[in-house]
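# A look at the structure
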Amino acid sequence: MTGRPVRTGRGAGQASAGELLELVRSRRAVTRGALQQATGLSRATVGQRLDRLFRAGWLREGAGGPVDSPLGGRPSITLEFDDEHAVVLAADLDTRHARAAVLSLSGEILAEHSGTLVVEDGPDAVLGELGRWFGELLEKTGRGAESVCGVGLAVPGPVDTETGRVVQPPMMPGWDGYDIRSRLARALTEHTGAADVPVLVDNDANLMAYGEQRTGYPDCSAFVLVKVSTGIGAGVVVDGAVFRGIDGGAGDIGHIRVPEGAQTLCRCGSYGCLAAIASGGAVARRLAEAGVPAASGSDVRDLLASGHPDAVGLAREAGRRVGDVLATVVTLLNPGVLMIAGDLAGTPFLTGVRELLYQRALPRSTAHLDVVTARLGERSGLVGAGAMVVEHLYAPERVEERLRALGV
């Protein structure tokens, strides 16, 4: 820790309670003395601002740390973010399946449920059912509605994060422009009694990438996750933040046109999209044409798990087609990690990706690249959705708003 004051939007020596909390949460300063040194605030001012955080229940004292002074004395009391004062609800929607969970503020899954939920049934029915799942999960954990600080939802389509609405989603008919936040908040009130709980929505690949990068690769400054299930999408995390583009459309690689698919109609209405020939849905269609029962990416996943030879061969072929496109992605973004996730994220598909990726991309672009599969598996979207809520609610500027609302 240096003696240089932390940079804030208000000048040296003016760090807010929210900025002190951020220093503690990030472990950059975890004692009162370290906070003084990092911010340039006086001992009394640090004490006053920490007192607000203690009264809100957001901070707690931990064990004694190292002695601050070279002359000895008492060990400094460390400060910790209290991750038990609230919980987050999170859900991850796929086209025919969903997962929901209650998470601690540190990302630990306290209770979880998964089951069939078909997005084509429409937002009203799907979000209403999620509200019911959340009610059952809260009851299972023994936590009351008052403990819920926010809800995070991952959806298989492009999202305008300012409004929480999906924008022309090929995989979600009937959802375009729908007010997801209001409907899910209403469903939560109906089934739990929780009121005025903020709801945040983002694309599933974005949140999977965010969850995986934070938990497994926090030092990777350029991280790409590609989800290959019924459709194909990518999430990009740069310097610890999701890169969404100007209106949430970044990472939609499933609709890049490829020559091999020129005669194949995609669900988006265009011909030649990568997803139309290399997604789990595309593989399922080819299997069905060959007489193998398969209707979705999850069916392909089950066939791959059993070693079905036709599924294995088609998955490897799909991997090669995706790898060809990813050679351009890797050349453009120069990531340190390229993660494959979703229903097809197994050895056959990954082998195909690597074959074409390393053949087509410049050696300079892949020299320091790790090509891996998801560590969190089916939970990565839940973890990412929970982290999105926590980072939103405990951002320094929002901390100030919330403290004033609490009257502390």
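For the structure, check the block above.
Here's what I pulled together on the structure shown here. (Residues numbered from 1 in each chain as written. Predicted model: local features only at pLDDT ≥ 70, side-chain atom pairs only at ≥ 80, totals over all residues. Heavy atoms only, no water.)

Let us look at the packing of aromatic side chains. Counted under the stated rule, the structure contains 3 aromatic pairs. Geometrically, the ring pair formed by W58 and Y394 is edge-to-face, given 5.4 Å between the ring centres and 80° between the ring planes. Taken together, the residues span a long stretch of sequence, with W58 in the loop between α3 (43-56) and β1 (59-64) and Y394 in the loop between α13 (380-393) and α14 (396-406) at a distance of 336 residues. The two residues W58 and Y394 agree in class, both being buried. Directly above the aromatic system of Y217 lies the positively charged group of R375, at a separation of 4.6 Å from the ring centroid. One Lys or Arg, R402, reaches over the ring of Y394 and ends 4.7 Å from the middle of that ring. (Phe/Tyr/Trp six-rings, centres within 6.5 Å; stacked < 30°, edge-to-face > 60°. Helix = DSSP H or I, 4+ residues; strand = E, 2+ residues; numbered from the N terminus. Buried < 20%, exposed > 50% of the residue type's maximum accessible area, 1.4 Å probe, protein only. Lys NZ or Arg CZ within 6 Å of the ring centre and 35° of its normal.)

Looking now at the sheet that holds strand β5 (residues 109-116). Within the open sheet, the 5 strands sit side by side as β5-β4-β3-β6-β9. Their pairing is mixed. This sheet does not close on itself; its edge strands, each paired only once, are β5 and β9 (199-203). Across this sheet, the average inter-strand angle for adjacent strands is 15°, counted without regard to direction. Of the pairings in the sheet, the one linking strand β6 (residues 148-155) to β9 comprises 5 bridges and is parallel in character. What sits directly across from A154, in β9, is D202. (Pairing = 2+ DSSP bridges. Axes fitted to C-alpha atoms, helices over the stretch in contact; angles between N-to-C directions.)

Right, let's get into the environment of G254. Tracing the backbone shows G254 in the loop between β12 (241-242) and α7 (274-278). The spatial distance from the C-alpha of G254 to the C-alpha of S279 is 8.0 Å, given a sequence separation of 25 residues. When near neighbours in sequence (up to four residues on either side) are disregarded, G254 contacts I232, C273, L274 and A275. (Contact = heavy atoms within 4.5 Å.)

Taking 1.5 Å per residue, 13 residues should reach 18 Å; helix α5 (residues 180-192) reaches 18 Å between its end C-alpha atoms and fits that length. Where α5 is buried, its residues contact β3 (87-93), α4 (123-141), β6, β8 (165-166) and β9. G193 occupies a position one or two residues after α5 and carries a positive phi of about 90°. (Expected span 1.5 Å × (residues − 1).)

Bringing the side chain of E212 into the picture now. Mapped onto the elements, E212 comes out in helix α6 (residues 204-216). Buried within the structure, E212 lacks any salt-bridge partner; R375 is the closest side chain of opposite charge, at an N-O distance of 6.0 Å. Of note is the side chain of E212, whose polar atom sits 3.3 Å from the backbone nitrogen of R375. If we ignore the near neighbours within four places in the chain, the residues touching E212 are Y217, F223, L225, M339, A374, R375, L376, G377 and S380. (Lys, Arg positive; Asp, Glu negative; His and termini not counted. Salt bridge = Lys/Arg side-chain N within 4 Å of Asp/Glu carboxyl O. Polar contact = N/O pair within 3.5 Å; in protein donor to acceptor, adjacent residues only side chain to side chain.)

Here we take up the state of the cysteines. If you walk through the whole model with that rule in mind, you get 0 disulfides. In this model C273 remains outside any disulfide bridge; the closest cysteine sulfur is found in C268, 3.7 Å from its own. The class of C273 is buried, set by a relative accessible area of 0%. (Disulfide = S-S within 2.5 Å.)

In this section: the nonpolar core. Residues V226, I232, L287, L326, L338, F349 and L357 are the most contacted members of the largest nonpolar core, which totals 40 residues. Elements that contribute at least two residues to this core include exactly β10 (222-228), β11 (232-238), α7, α8 (280-289), α9 (297-305), α10 (309-333), β13 (337-341) and α11 (347-360). With 10 residues, α10 is the largest single contributor of residues to this core. Those residues in contact with L326, other than ones at most four positions away along the chain, are V226, I253, L338, I340, V353 and L357. Listed in part, the 33 residues of the second largest apolar core include A100, F134, V155 and V199. (Core = buried A, V, L, I, M, F, W, Y, C linked by side-chain atoms within 4.5 Å.)

Turning to its location among the elements, R354 is positioned in helix α11. With relative accessibility at 36%, the residue R354 sits in the partly exposed group. Counting along the chain gives 329 residues from R354 to R25, while the straight-line C-alpha distance between them is 38 Å.

Counting across every chain of the model gives 28 salt bridges. In this structure, E61 and R32 form a salt bridge, with 3.3 Å as the shortest nitrogen-oxygen distance. Residue E61 is located in strand β1, and its partner R32 is located in helix α2 (residues 32-39); the two are separated by 29 residues in the primary sequence. A salt bridge links R183 to D124; the shortest N-O distance between them is 2.7 Å. Of this pair, R183 sits in helix α5 while D124 sits in helix α4, and the two are 59 residues apart along the sequence. A relative accessible area of 8% places R183 in the buried class. The class of D124 is partly exposed, set by a relative accessible area of 43%. Each of R99, E112, R301, D302, D343, E378 and R379 takes part in a single network of salt bridges with overlapping partners.

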